[in-house]
Amino acid sequence: MKKLAKAKAWAVALVVALGLALTLPQHTQAQVRLDLRDADLRSFVEIVAEATGRNYVLDPAVRGTVTVLAPGELTPDELYEVFLSVLELNRLTIIEGVGSDRIVNMNNARELAPGTPLGNADAAYETRIIELKNIQPQEVLEVVRPLLPAEAVISVVPGSNLIILSDRGQNHRRIAALIRRLDKPADNPIEMIRLRNAQAAEVLQVVQAMNIVPEGASVTVDRRSNALVISGPEDLRQQVRTLAGRLDAQQNSTVSTAIGLNYAEATALADIILRSLQSETPTEAQGQIHIVPEPQTNSLLITAPQDRIDDIQGMVRYLDRRPTQVLVEAVIFEMTVEGFSDLTAQFGGIMNQAIVGGAQFTLQGRPNLTSLVSSIVNGEVIDAGNGGIVAGVPRNGDHGIAGFLAAVATQQSTRLLSTPSIMTLNNREAEIVVAQNVPFVTGSYTSTGDGSAPENPFQTVERQDVGLTLAVTPQINADRTVKMVISQEVSNLTRNTSASGGEITSKRAISTTVLVRDGNVVMLGGLLENGSGSAAQRVPGLSKIPLIGGLFRGKNASKNQRVLLVLLRPQVVSSDAEAKKLTRALAREAKAASLAVAPLDDGAYPRTPQGSFPFDGADLNQPFDAGFVDDIAQSRNFPPLPTRLQFRSGN
C-alpha cells in the first residue's frame, strides 16, 4: 500500500511538472491541481518544494500520511497555505532559515535556534515578548492559555509586565490581537469617603501600611473635607470603606437600650452581668457601663459604650432562656407485722383475805393473782387482759382457793404506701406537705389562791405536722443527670401514750444528696427489721412435773417484722409538650385510682355520692367545677356552664 501511494504521489507530481512546463509562460505562476489520498507526508513535502522553489530539511521524526482534495487549480501561494495547514494538523511547524527551512515536531521547535525568516512570517515558529500596560499578567494567562495548542509555551517574567510566547507565527498574530483588546485602561469609578472623628491623613497611612492598593489604583486625601478619595476596583473600595468605618468609630460614644426579660429575674441577672464585666473591662470602661433592673416590668435598662452594647445584649439573651423543670416522683413503702402470744396459769390459797400459798407470775400485759383478788374483795372492776380466761375466786373472798388461766395470740399488720410528686424549676427548692397539724402539750401551770379553786391555770401547746413532707432541690447537668438535695420525712401517730403523757409519734426521715439519670429510679434508703423476744417465769422443780407442771409456769413471746423502702425518680421536662404529656398521664392514673376506691351505689336510700377525679386526662383545659356544678345544674334543668374560653387569631 505504501509503495502504491508513493507511486501515485509521484505520478501527480509528474503531471504537475508537465503542466507547468508546457502550458504556462515563464512569467506566469503555475497552477496546481491536487488529488492526494493517503499520500506519504514526505512525498507531499517534495511536491510543495518543487512547486514553491523552497528547500526543506525534515526531522527524522516527521512521518505520516496526507489526504488533500482540491478540485480547482491552486497557485503556489495557495498551495503553500494548504501545506501549512497539513503541517499544523500533523503537529509540525517550520523554522525558517536563509537557505532552507526546517520541518520539525512542535514539541521540539522551542528547543531549536531560530533562523533568519525570509518567507511567510506567519508560518515560522518563533518566540515573542509581549508587554502589558494596564492589565496584570496573571489575568492574561488565565484567558489566553486555554486558546493555545498544547505545544505552545507561555510564561511571565517575574517582577515585570512581560509575557513570553513561543508558538507559530499565525498564532502569535491571533493571540497578540486578543491581548491588545484586553490590555486597555480600566474605567475605575472614583469614590469619596468622609470621616467624622478620625483624621483622613492618619487613616491613609494605615491603608498604605497594609499594602492593599493594587497597581493602577490609588487612595488619596482631601484635607478640606477630611475625606478619602479612592480610584480602583470594587474590592479595594470595599476594603477601604470597611477599614475607614472602623477607624472612624467614636470609641467613647455611649448608647442606651431596654431589654425585657422572659424567664430570668432582672435584679439577679443585672448583678451577674456586672460582676462578669468587672473582670473583663478596664476600670475606665467600667464607669461607663450601667445596668439598672426594673422589677415591675422585669426589664434591664442598659447604658454602655457602642462597642460593648452587643456583647452585653448577647449575654442577656443567653442567660434569659427558658428554664428546665423537673418532676420528682417518690414512693414510700412501709409494712409492719407484729405478733404476740401468751399462756399464763396462776392459783393460790386464800385465808383471811390474804393469799397464803400458790403460784403467781407478773408478765407483760397480764395482772398478777394478788391484784385480781384485791380488786374482787374491794368490789372493783376486774381487768384480766385479752384472750381466753378461766378464773375462780371464793364467794366470800375470806378463805378458799382462787386461780385463773389466760391464753392469747395476737397479730397486727400495717401497710403504708405513699407516692408524692412535685414539680419544680431547675435549681429551685420545692416542698410538699401532706400532714395533720397535731397539738402537743409542752407545759402547764396552776396557781392556787386563798380558796380551794385554782386561779390562772394555763397550758403551753405546740403544733407539729404529722404526715408526709418532701423537700427537694434539683440541679440538671449537661449530660441529663439530675443532682438532688433531698429531705424527706414520714411520721404518724402510734395511738400509744407515753408515761409522761402525750401520744407517741413514729417518724422516718432521710436527708441526702443523690445523682441519678433522667427517668431512672434510685433508692434513697431502706430498712429490713426482724425482731423477736420472749419472757418466761416458772416455779423450779414443780414446773417440770408432767401434766401438772404447766400450772407452775407462765410465758409470752413476741415477733416483729418491718420493711421500709424509699424510692425516687426524677423526670426532666424541657418543653410544654413534655409537661402536657406527663400531666395527662398522671390525670389518667388519678382517674383510674379514684374509680377503684369509690364506693358502689346500690341504688337504695341514702344514695352513695360519686366523688371521682373530675378530669379524664384527655382534656384538662376546662372549668374546674365542670364535673360537679354542671351535673347538678343539668339534673335540675338549669342552664349548663359555659365552655372554656377560646380566642381566634386575626382581627
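Definitions and limits used
- Residues numbered from 1 in each chain as written.
- Predicted model: local features only at pLDDT ≥ 70, side-chain atom pairs only at ≥ 80, totals over all residues.
- Heavy atoms only, no water.
- Salt bridge = Lys/Arg side-chain N within 4 Å of Asp/Glu carboxyl O.
- Helix = DSSP H or I, 4+ residues; strand = E, 2+ residues; numbered from the N terminus.
- Phe/Tyr/Trp six-rings, centres within 6.5 Å; stacked < 30°, edge-to-face > 60°.
- Lys NZ or Arg CZ within 6 Å of the ring centre and 35° of its normal.
- Pairing = 2+ DSSP bridges.
- Axes fitted to C-alpha atoms, helices over the stretch in contact; angles between N-to-C directions.
- Contact = heavy atoms within 4.5 Å.
- Buried < 20%, exposed > 50% of the residue type's maximum accessible area, 1.4 Å probe, protein only.

Caption draft 1: Main features of the pattern of salt bridges. What the rule picks out here adds up to 12 salt bridges. Of the charged contacts, one joins Asp-311 and Arg-308 as a salt bridge, the two residues approaching to 3.3 Å between their closest N and O atoms. Of the two residues, Asp-311 and Arg-308 both sit in helix α11 (residues 306–319), three residues apart, roughly one turn of that helix. Taking the shortest distance from any N to any O, the salt bridge between Glu-329 and Arg-569 comes out at 3.0 Å.

Caption draft 2: Layout of the packing of aromatic side chains. For the structure shown, the criterion picks out zero aromatic pairs. The cationic tip of Arg-321 hangs over the ring face of Tyr-318; the distance from NZ or CZ to the ring centre is 4.2 Å.

Caption draft 3: Expanded view of the sheet that holds strand β11 (residues 227–231). Across the sheet, which stays open at both edges, the three strands sit in the order β9-β11-β10 with antiparallel pairing between neighbours. In this open sheet, the two strands that pair with only one neighbour each are β9 (190–194) and β10 (218–222). Direction aside, neighbouring strands of the sheet carry axes that sit 20° apart on average. Sheet topology note: the β9/β11 ladder contains five bridges and is antiparallel. In the strand pairing of β11, Glu-191 is matched with Ile-230. Where helix α7 (residues 200–210) meets the sheet, it contacts β10 and β11, and its direction lies at approximately 165° from that of β10. Relative to the sheet, helix α8 (residues 234–247) contacts β9, β10 and β11, its axis offset from that of β11 by approximately 165°.

Caption draft 4: Spatial organisation of the side chain of Thr-336. Along the chain, Thr-336 turns up in strand β15 (residues 325–351). We classify Thr-336 as buried; its relative accessible area is 11%. When near neighbours in sequence (up to four residues on either side) are disregarded, Thr-336 contacts Gln-412, Ser-413, Thr-414, Gln-561 and Arg-562.

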